[in-house]
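Summary of the model geometry
Residue-level listing of the chains:
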Amino acid sequence: MKTVMIGNTRISVLSGDITTWKGDVIVNAANSGLLGGNGVDGAIHRAGGPEIMEQCKEIRKLQGGCPPGHAVITGAGNLDVKHVIHTVGPIWEGGGRGEALTLADCYRSSLQLAIEVGARTIAFPNISTGIYGYPKSPACDVALKAVSEFLQVEPLDHRIEQIDFVCFEMDNVKLYMRWLERFE
Ligand code: APR
């Protein structure tokens, strides 16, 4: 585990399965249909149980899904957190279709929603870097830049004490650790 402070917020990189993380909010790398899938999405729905899917279906009825870069929030079923924020990353199409902007929006809109529900701790997976094919190194740059800029621009506007990046793959653990060294 590696930890740095940005303003009053601790940023950590952890290796592991986000479904076993304990805190206020975990973020899911969902798809626009919000009906589950494989990867971290499948793991969260399996571990959390049917309650999360029922709430996703309600959101679909109300707003017809969730566009890329946006985020929606549900309860967390059996998970040891209060909420799951479902955000939809971009599908990698070579980088010329605004993928970086959309991916940054995922992190910003998730943080914004977490703030709205008063969260103090939040965990992110490495959005888009699995099935959606976003290359890991540029995705790490986008994620950490979006989060650190968000915290620097809005330093007093939130009560977020801890942001954990929970990496399932060792490649990502190494990339995130290297990136955070610049804040030491
Ligand atoms: N905990 C943390 N990270 C995980 C877990 C887990 N249990 N399982 C997978 N991951 C990691 C992957 O290693 C990858 O780095 O999450 C990252 C994102 O991968 P995906 O889950 O494939 O998500 P994404 O690339 O954003 O693709 C989204 O996949 O499952 C579907 O419904 C989802 O269609 C959507 C698409």
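Residues numbered from 1 in each chain as written. Predicted model: local features only at pLDDT ≥ 70, side-chain atom pairs only at ≥ 80, totals over all residues. Heavy atoms only, no water.

1. Let's talk about the sheet that holds strand 4 (residues 71–74)
- Taken together, the seven strands give an open sheet; going across it, the order is 1-2-7-6-3-5-4, and neighbouring strands pair in mixed fashion. Strands at the two margins of the open sheet, each flanked by one partner only, are strand 1 (2–6) and strand 4. Ignoring which end each strand starts from, the neighbouring axes of this sheet average 25° apart.
- Pairing analysis gives four bridges linking strand 4 to strand 5 (residues 83–88), with the strands arranged antiparallel. Its bridge partner being in strand 5, alanine 71 is matched across the sheet by threonine 87.
- On top of the sheet, helix 2 (residues 50–63) reaches strand 4 and strand 5; it is set at about 135° to strand 4, its chief contact.
- Running over the sheet, helix 4 (residues 136–153) touches strand 1, strand 2 (9–15) and strand 7 (162–167) and is turned about 175° from strand 7. (Pairing = 2+ DSSP bridges. Helix = DSSP H or I, 4+ residues; strand = E, 2+ residues; numbered from the N terminus. Axes fitted to C-alpha atoms, helices over the stretch in contact; angles between N-to-C directions. Contact = heavy atoms within 4.5 Å.)

2. Overview of the site of the ligand
- Near the ligand there are 22 residues, and of these Asn31, Asn38, Val40, Asp41 and Glu169 occur at the shortest range.
- Measuring from an oxygen atom of the ligand, one finds a backbone N or O atom of isoleucine 131 at 2.8 Å.
- In isolation the ligand exposes 700 Å². Once the protein is present, 94% of that is buried.
- At the level of secondary structure, the elements contributing two or more residues to the shell around the ligand comprise strand 3 (25–30) and helix 1 (39–48).
- Residues of the shell around the ligand, tallied by class, amount to eight nonpolar, eleven polar and three charged. (Near = heavy atom within 4 Å. Polar contact = N/O pair within 3.5 Å; in protein donor to acceptor, adjacent residues only side chain to side chain. Areas by Shrake-Rupley, 256 points an atom, 1.4 Å probe, with all protein chains shown as cover. Nonpolar A, V, L, I, M, F, W, Y, C, P; charged D, E, K, R; others polar.)

3. Topic: the side chain of aspartate 164
- Structurally, aspartate 164 can be placed in strand 7.
- Look at aspartate 164: it is buried, it has no salt bridge, and the nearest opposite charge is arginine 10 at 6.7 Å. (Buried < 20%, exposed > 50% of the residue type's maximum accessible area, 1.4 Å probe, protein only. Lys, Arg positive; Asp, Glu negative; His and termini not counted. Salt bridge = Lys/Arg side-chain N within 4 Å of Asp/Glu carboxyl O.)

4. Comments concerning the packing of aromatic side chains
- Summed over the entire model, instances satisfying the criterion amount to five aromatic pairs.
- Relative to phenylalanine 165, the ring of tyrosine 107 lies with its centre 6.3 Å away and its plane at 45°, an arrangement referred to as tilted. With tyrosine 107 in helix 3 (residues 99–116) and phenylalanine 165 in strand 7, this pair connects stretches of sequence that are 58 residues apart.
- Judged by centre distance (5.1 Å) and plane angle (40°), the rings of phenylalanine 165 and tyrosine 176 are tilted. Note that phenylalanine 165 is positioned in strand 7 and tyrosine 176 in helix 5 (residues 170–180), a separation of eleven residues in sequence. For the pair formed by phenylalanine 165 and tyrosine 176, the shared burial category is buried.
- The ring of tryptophan 179 has arginine 182 lying over it, and the distance from NZ or CZ to the ring centre is 4.0 Å. (Phe/Tyr/Trp six-rings, centres within 6.5 Å; stacked < 30°, edge-to-face > 60°. Lys NZ or Arg CZ within 6 Å of the ring centre and 35° of its normal.)

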